[in-house]
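Here's the letter readout for the chains.
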Amino acid sequence: MKKFFVLSICFFLAVQVFSQDAKMNAFITNLMSKMTLDEKIGQLNLPGSGDIVTGQASNSDIGKKIKEGNVGGLFNIKTAAKIRAVQKVAVEQSRLKIPLIFGMDVIHGYETVFPIPLGLSCSWDMKEIETSARVAATEASADGICWTFSPMVDIARDPRWGRIAEGNGEDVYLGSQIAKAMVKGYQGDFSKNTNIMACVKHYAMYGAAEGGRDYNTTDMSRVRMFNEYLPPYKAAVDAGAGSVMVSFNEVDGIPATANKFLMTDVLRKQWGFKGFVVTDYTGTNEMIEHGLGDLQTVSALALKAGIDMDMVGEGFLTTLKKSLKEGRVTQAQIDNACRLVLEAKYKLGLFDNPYKYCDEKRASSEIFTDANKKTAREIAADCFVLLKNQNNILPLKKSGTIALVGPLADNKENMPGTWSVAANFEKSISVIDGLKEAVGSNAKILYAKGSNLDNDSLFEQRAGMFGKSFARDGRTNEQLIQEALSIASQSDVIVAAVGESAEMTGESSSRSNIEIPEAQKELLKALIKTGKPVVIVLFTGRPLAIKWENDNVPAILNVWFGGSEAGHAIADVLFGDVNPSGKLSTTWPQNVGQIPLYYNHKNTGRPLADGVWFQKFRSNYLDVSNDPVYPFGYGLSYTNFSYSDLKLSSTSLKGNEKLTATVTLTNNGMKDGKEVVQLYIRDLVGSITRPVKELKGFQKIFLKAGESKTVSFTITPDDLKFYNSDLKYDWEAGDFVVMIGGNSRDVKSGKVNWLK
Ligand code: BGC
């Protein structure tokens, strides 16, 4: 009876979906039957927003193009009033009155900015990550936006790459969970005007740029691609992402923008993607520089490979008609792309109500609200990673005198971090403001800048070229340090807010040296010499090489770029109102030479013995051990968690049986806290070489001081699957090691034999 009921519901839902799709298809077929070739090509054009002023939208250059039916959508334009004015031109003055789609880079929040994505991923809290996307969607949609160029799910194992800041780190499983949570948070089911369309990017392998240099070549085996880089994009597609943005880089010698294998064979045929594909900014035109031909040639290549919308460069707009005449593209290819763009507008409800996202009343009550700021503050605190805390220096007392130093201590502009286009920097909370508010009159906070961002003012200029520049202090390093030492001498503890500026991270911000810039290091060295306890509050958009700091500074709290509420959240954690629980989603190397360094590497035929630095004729370096400074999954707490009693429900299994792995987690410390319990598996023998361990599950558990809990994971053969050398996705019988722990290095393990 129950089965019958479930089947009936499934049947009913399938009929509903089918009839909704049929309705949409009929509507679009009818509309397209009225469209000219030019109007169809116009739908594929996504120019930048240009010169639009609300009162004169119709007469602007873009306005004229819209009236002629030459624009499918616009991006990076905001406010409901402005977007209404532009939409009005489209639906009142263009021949077929087709609404535009309005996109924006809403990457980690809108006006209420959340931590940078790399930071968010360190919360390992899918609810919080989904909430951050939900809040971002609500705020953006209140300002007229219905499409976001997010989530960015590029796996990155090279911290030199500036855009590692925009992704979720090095792991495929964690990255895939986050991809799903983000899509869910943005899109819901599109029924409400607070749901916006996601655009998963940058498809594909953008994060594997050679040498970590942005836009550089990517080349890798298909086995690696499918096992280690593609799954997060697929997870976003499976979660229903409405659109995909392709990447700038080439894959297998063909730029992603013209890569039929990626866009048609994998994305559409294998994964069943039904949405539309957009290029990245001038991605089509850049194929001229890649060496694939002139604008007409590359535009035709892009369309044929699977691009539906052309961002900024207008290659489609200016050449497709000619290419059709010359037989270089087909009518069916243009029709197909046009249909997919129109379908996105239909799904968003824009044909029913082109002004669905243009409710001018919403902005004042839905953007940057106290409730959203509170959420951002709580989430930010959960993303910070306590890297070191010798002698429990942290948390600090809200009494005595604190010396606050460093170029990032009194700076609002840099708190939101890269990609915060809608942020109002003046309203973000600096470290000094956050600390002062937290201590009130109970403690004294003395401030000195202590150093510039870097000694090299040209570097500073390059790093500050795109917004958020850094005001340079004209004093010498010596003078700045002396001032810092003088307030340090009057204080009980020194808090040094140091690291990268926001613009040293993100797009076009690769670094070949990933240490804390020299001027700040000089400051840290001088502070350490005082003998006073020093706490680093570390700002960064990438894993840094901070071996010296780890060896010499007693406490390090990594705060990424925490968003609008950074200063409050930093104070919450520094003073212990919040117990830190973030865990790294990347490996932190000792130096640049070790890169790429990631936990789920292969064993090689000549691995080093455990705990050994160097053995001749083994896979290692003469001048540095193979160890990271901090492993993937690592992060401390103000309390202590211990793991004991790992148990496997069986040591030999068959077929689709399930394995339960349990461990006892105990909070041995004096404070309540949250711990991310991580499950790793190693497939000991395979038809291809397998990683030394792979994350397969995690749970974030809250335990009161002194409390214990049994944490259990269910493992099925699905968790053992991988792509073999024929790219067949399956599992292979054999022995597996199951590991559970608080990071990828320190684990308890058990062994199981699993036969088919
Ligand atoms: C970036 C994308 C972004 C696009 C639109 C490009 O430069 O690579 O991530 O979505 O610009 O602003």
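Residues numbered from 1 in each chain as written. Predicted model: local features only at pLDDT ≥ 70, side-chain atom pairs only at ≥ 80, totals over all residues. Heavy atoms only, no water.

Description of the site of the ligand
- The full set close to the ligand counts 14 residues, and Asp 105, Arg 163, Lys 201, His 202 and Asp 280 are the nearest of them.
- At 2.8 Å from an oxygen atom of the ligand is found a side-chain nitrogen or oxygen belonging to Lys 201.
- Within the side chain of Glu 507, one N or O atom sits 3.0 Å away from an oxygen atom of the ligand.
- If the ligand stood free it would expose 310 Å²; the protein chains cover 95% of that surface.
- The residue inventory of the shell around the ligand, partitioned by class, reads seven nonpolar, two polar and five charged. (Near = heavy atom within 4 Å. Polar contact = N/O pair within 3.5 Å; in protein donor to acceptor, adjacent residues only side chain to side chain. Areas by Shrake-Rupley, 256 points an atom, 1.4 Å probe, with all protein chains shown as cover. Nonpolar A, V, L, I, M, F, W, Y, C, P; charged D, E, K, R; others polar.)

Considerations on the environment of Val 86
- Relative to the elements of secondary structure, Val 86 occurs in helix α4 (residues 80–93).
- Not counting chain neighbours up to four residues away, the residues in contact with Val 86 comprise Ile 52, Ala 57, Ile 66, Leu 74, Ile 77, Leu 100 and Phe 102. (Helix = DSSP H or I, 4+ residues; strand = E, 2+ residues; numbered from the N terminus. Contact = heavy atoms within 4.5 Å.)

Some remarks on the sheet that holds strand β21 (residues 694–703)
- The five strands are arranged β18-β26-β25-β20-β21 in an open sheet whose pairing can be described as mixed. One side of each edge strand has no neighbouring strand; the edge strands of this open sheet are β18 (652–654) and β21. Direction aside, neighbouring strands of the sheet carry axes that sit 25° apart on average.
- One ladder, built from three bridges, connects β18 with strand β26 (residues 747–755); its direction is parallel. Directly across from Ser 652, in β26, lies its bridge partner Asn 753. (Pairing = 2+ DSSP bridges. Axes fitted to C-alpha atoms, helices over the stretch in contact; angles between N-to-C directions.)

Considering the pairing of strand β3 (residues 101–104)
- The side-chain alternation of β3 yields two buried faces, one formed by Ile 101 and Gly 103 and the other by Phe 102 and Met 104.
- Here strand β2 (residues 73–75) runs beside β3; their pairing, made up of three bridges, is parallel. Following the sheet pairing, Gly 73 is matched in β3 by Ile 101.
- Taken together, β2, α4 and β3 constitute a β-α-β crossover, and its handedness is right-handed.
- The pairing of β3 with strand β4 (residues 147–148) spans two bridges and is classified as parallel. The partner of Gly 103 across the bridge, within β4, is Trp 147. (Buried < 20%, exposed > 50% of the residue type's maximum accessible area, 1.4 Å probe, protein only. Right-handed = clockwise from strand over helix to strand, strands pointing away.)

Some details on the pairing of β26
- Pairing geometry for strand β25 (residues 734–741) and β26, over eight bridges, is antiparallel. Counterpart to Ile 740 in the pairing with β26 is Lys 748.

Let's talk about the pattern of salt bridges
- As enumerated under the stated definition, the model contains 41 salt bridges in all.
- One salt bridge in this structure joins Lys 65 and Glu 314, with 2.9 Å as the shortest N-O distance. In this pair, Lys 65 is assigned in helix α3 (residues 61–67) and Glu 314 in the loop between β10 (310–311) and α13 (315–325), connecting sequence segments 249 residues apart.
- We classify Lys 65 as partly exposed; its relative accessible area is 25%.
- Taking the relative accessible area as the measure of exposure, Glu 314 reaches 15% and is therefore buried.
- Here Lys 704 and Asp 672 are joined by a salt bridge, their closest N and O atoms 3.9 Å apart. (Salt bridge = Lys/Arg side-chain N within 4 Å of Asp/Glu carboxyl O.)

Structural notes on the nonpolar core
- Grouped together as the largest cluster of nonpolar side chains are 130 residues, with contacts concentrated most on Leu 74, Trp 147, Tyr 203, Leu 230 and Phe 276.
- Setting aside residues up to four positions removed in sequence, Tyr 203 forms contacts with Leu 230, Tyr 233, Val 244, Met 245, Val 246, Ser 247, Ala 256, Leu 262, Met 263, Val 266, Leu 267 and Trp 271.
- If you look at the next biggest cluster of nonpolar residues, it comprises 72 residues, including Leu 446, Val 537, Val 553 and Ile 556. (Core = buried A, V, L, I, M, F, W, Y, C linked by side-chain atoms within 4.5 Å.)

Overview of a nonpolar patch on the surface
- Together, Trp 613, Phe 614 and Leu 622 give the surface a local cluster of nonpolar side chains, amounting to about 340 Å² of exposed area.
- Take Leu 622: it is sitting in the loop between α22 (566–574) and β17 (641–648). (Patch = residues over 30% accessible without salt bridge, like charges linked within 9 Å, V, L, I, M, F, W, Y side chains within 5 Å.)

Some thoughts on the packing of aromatic side chains
- Overall, the coordinates contain 24 aromatic pairs when judged by the stated rule.
- When the ring of Trp 124 is compared with that of Phe 632, the centres are 5.6 Å apart and the planes differ by 55°; the resulting orientation is tilted. Residue Trp 124 is found in the loop between α5 (117–121) and α6 (126–142), and its partner Phe 632 is found in the loop between α22 and β17; the two are separated by 508 residues along the sequence.
- Given a relative accessible area of 2%, Trp 124 falls into the buried group.
- An angle of 85° between the planes, with centres 5.0 Å apart, marks the rings of Trp 161 and Tyr 206 as edge-to-face. (Phe/Tyr/Trp six-rings, centres within 6.5 Å; stacked < 30°, edge-to-face > 60°.)

A closer look at the domain arrangement of the protein chain
- One can read the domain layout of the protein chain as domain 1 (45–98), domain 2 (374–586) and domain 3 (639–755).
- Here domain 2 and domain 3 have C-alpha centroids that lie 36 Å from each other.
- For the pairing of domain 2 and domain 3, the buried interface totals around 610 Å² over both sides, and the portion due to carbon and sulfur atoms is 38%.
- One can count two salt bridges joining domain 2 with domain 3.
- Run the count over domain 2 and domain 3 and you get five residue pairs in polar contact (both at pLDDT 80 or more).
- Its residues assigned to classes, the side of domain 2 that touches domain 3 shows one nonpolar, three polar and two charged. (Domains from an automatic or database assignment. Buried area = accessible area lost by both parts, 1.4 Å probe.)

Quick word on unusual backbone geometry
- In the segment running from Lys 201 into His 202, the intervening peptide bond is cis, with an omega of -10°.
- One can find His 202 in strand β5 (residues 199–203).
- Cis geometry is adopted by the peptide bond preceding Ala 204, which originates at Tyr 203 and carries an omega value of 5°.
- The phi angle at Trp 124 is positive, at roughly 50°, despite the residue not being glycine.

Some thoughts on the sheet that holds β2
- The strand order across the open sheet built from three strands is β2-β3-β4, with neighbouring strands paired in parallel fashion. Edge positions in the sheet fall to β2 and β4, since each has one partner strand and no second.

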